[in-house]
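Chains, contacts and geometry: an overview
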Amino acid sequence: MSLLVVGLSHRSAPVSVLERAALSADAQAKLVQDTVAAEPATEAAVLATCNRIELYADVDKFHAGVAELSTLLAQHSGVGLEELTPYLYVHYEDRAVHHLFSVACGLDSMVVGEGQILGQIKDSLARAQELHTAGKLLNDLFQQALRVGKRAHSETGIDRAGQSLVTFGLEQLAAGGAVEEWAAGRRALVIGAGSMSSLAAATLARAGVGEIVVANRTFERAERLAHILTEGDDTAVSARAVRMDSVPGELTRADVVVSCTGATGLVLTADSVAQAVEGRIDGDAVGPAAAATTVRATPAAAATGTAAAEENCPLDLAAVQGSTGFSVHGEAAVAGLDAATLEQHGAWVAGGTVDRRDTARRSPEADAELITALAATAATVGRIPELRRPEPVAVIPRPAPALFLLDLAMPRDIDAAVHRLAGVRLVDIESLAEASADAPMAADVDQVRRIVSDEVAAFGAAQRAAHITPTVVALRTMAADVVAGEIARLDGRLPDLDERQRGEIRQAVHRVVDKLLHAPTVRVKQLAAEPGGAGYADALRTLFDLDPETVAAVSRAGDSTDKKDRPA
């Protein structure tokens, strides 16, 4: 086994790179075909999801395989090799098996424990089989990965550690509340009719939304999904299909939008979402006027125009510059103010009063003396003493969301600038990655990891044992040919033997050969199944001078039998 995987995921690359490297269905098919056409690889399969792109191959040379697979990924993704390389990871042989089994169990998912990846692995294998790029190794590997994933979900509580990306996304939209309470009675628009969009629609239906509208470029697929939602046993909901050109109008009616298409450009721009929010027709208009909010005046606002907040203050605070109240510094604090006004302010701060008649009788010399004293105080303490304490500037609150958007596409369907729109909440792959980084992992994850380790060891042993089987079969075939030749020679030398005697001799010779070969062949299979046991097949071929072409013919025959026995 020379299994090699080269890929990138949300763990190795930023969402912006994953978005640019996303592969369409046609690009995936061309990639695996070009991979098997390349010299180092004989089998290939692509696992492409919204947060990973991985190329699996059976190669005969490690370094050449890494170089070739990396180059092909760069070519078909459109991201330059130099830019892509820092984000790529490479796994080989047992490590590659361990990686795929971990992926199948949901351990490597953005939301740990999600089960949707099993369907994506199944689809990946089906595509490779359809394109005839999956041979014995990848068929065995992917089918075993599916069994391991199912075992992890049935034998452990990994489902409690996470859920599907759709469920997690809806929980983020609900901002920590119960999805059922948040979704109850809302109108949902689902853009796309693929597996992810269908899962989202079914999840929304079970959560209790009042209506689901499905939009898709192929109208028949949208109709099919709407019919399933309406007639389903656990998804009975009012559902209808629309064409993609109806999306702008449906946006003005929808409360929740989930988008996951294969489009290479944006499906919803920030402008289209803003227009939809402003033009809502559900009786709860959310436009610029409706979004306006009365904000409590800050101290700075009071200082610039609220006389009641500074009642009886003798200074014109509207002329004072600053955001935290009256705190002009240094000599500028008294520049241009007469002594009487300054004295009035000092008395007002202290809670007292000043008889303006007394201040009016002050002489210019007294004014100059008072101004000098106040200037010295201001220079020392940094400001004219006051009672008001600065408060944090109030942040203008955003209005409660009227439109909830969940973008599960890669590359993204919805413009990231929508994040900045008032009255809108957007959750996309990038924000899901940030949220899931802090998600708690269940204790069952450790049990799943043990299952993965055990299954990797068993798979490796089976593959190594299978690798030596053609050699053992070729050895026994050679032994049978030797026995047949010797019996024929004996028949010529002893023609007087009757049939019973010939049968006894034939059985005796076969028993001797079988007993001589039994222990070595059983033992060599055991040794070959252990790590590092691949060399035993070569040793057996060398010791018994077996024809390599005979061994290869046995391998091809076994592979052909496997394919005929494979389920369609």
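Before reading on, note that the structure itself is shown above.
Residues numbered from 1 in each chain as written. Predicted model: local features only at pLDDT ≥ 70, side-chain atom pairs only at ≥ 80, totals over all residues. Heavy atoms only, no water.

Section: helix H14 (residues 270-278)
Of all the residues in H14, the buried ones are Ala270, Val273, Ala276 and Val277. Considered in projection along H14, the buried side chains sweep an arc of 130° and stay on one side of the axis. Turned more than 90 degrees away from the buried face of H14, the exposed residues are Asp271 and Gln275. Where H14 is buried, its residues touch helix H13 (247-251), strand S9 (403-407) and strand S10 (424-427). (Buried < 20%, exposed > 50% of the residue type's maximum accessible area, 1.4 Å probe, protein only. Helix = DSSP H or I, 4+ residues; strand = E, 2+ residues; numbered from the N terminus. Arc of directions from axis to C-beta. Contact = heavy atoms within 4.5 Å.)

Re the packing of helix H5 (residues 94-104) against helix H7 (residues 136-155)
In a pair of packed helices, the angle between the axes and the distance between the axes together describe the arrangement. Between H5 and H7, the shortest axis-to-axis distance is 8 Å and the interhelical angle comes to 45°. Taken together, the axis directions place H5 and H7 in an arrangement best described as oblique. The hand of the H5/H7 crossing is right-handed. Of H7, the residues touching H5 (which contributes Val97, Leu100, Phe101 and Ala104) are Leu141, Phe142, Gln144, Ala145, Val148 and Gly149. (Axes fitted to C-alpha atoms, helices over the stretch in contact; angles between N-to-C directions. Parallel < 35°, antiparallel > 145°, perpendicular 65-115°, else oblique. Left-handed = near helix turned anticlockwise from the far one by under 90°.)

What to know about unusual backbone geometry
Of the consecutive residues Met410 and Pro411, the connecting peptide bond is found in the cis state with omega at 5°. For Pro411, the location among the structural elements is in the loop between S9 and S10. In the Ramachandran plot, Glu93 falls in the positive-phi region, its phi being about 50° despite a non-glycine side chain. One non-glycine residue, His132, lies in positive phi territory at about 60°. Here His132 is to be found in the loop between helix H6 (116-130) and H7. With relative accessibility at 72%, the residue His132 sits in the exposed group.

Observations regarding the nonpolar core
If you look at soluble globular proteins, the nonpolar side chains tend to sit buried side by side. Counting 67 residues, the largest nonpolar core has Leu8, Leu165, Trp182, Leu204, Ile212, Leu229 and Leu408 as its most contacted members. In this structure, Leu165 is in contact with Cys50, Asn51, Met110, Val111, Glu114, Gln116, Met196, Leu408, Ile429 and Leu432, ignoring residues within four places of it in sequence. (Core = buried A, V, L, I, M, F, W, Y, C linked by side-chain atoms within 4.5 Å.)

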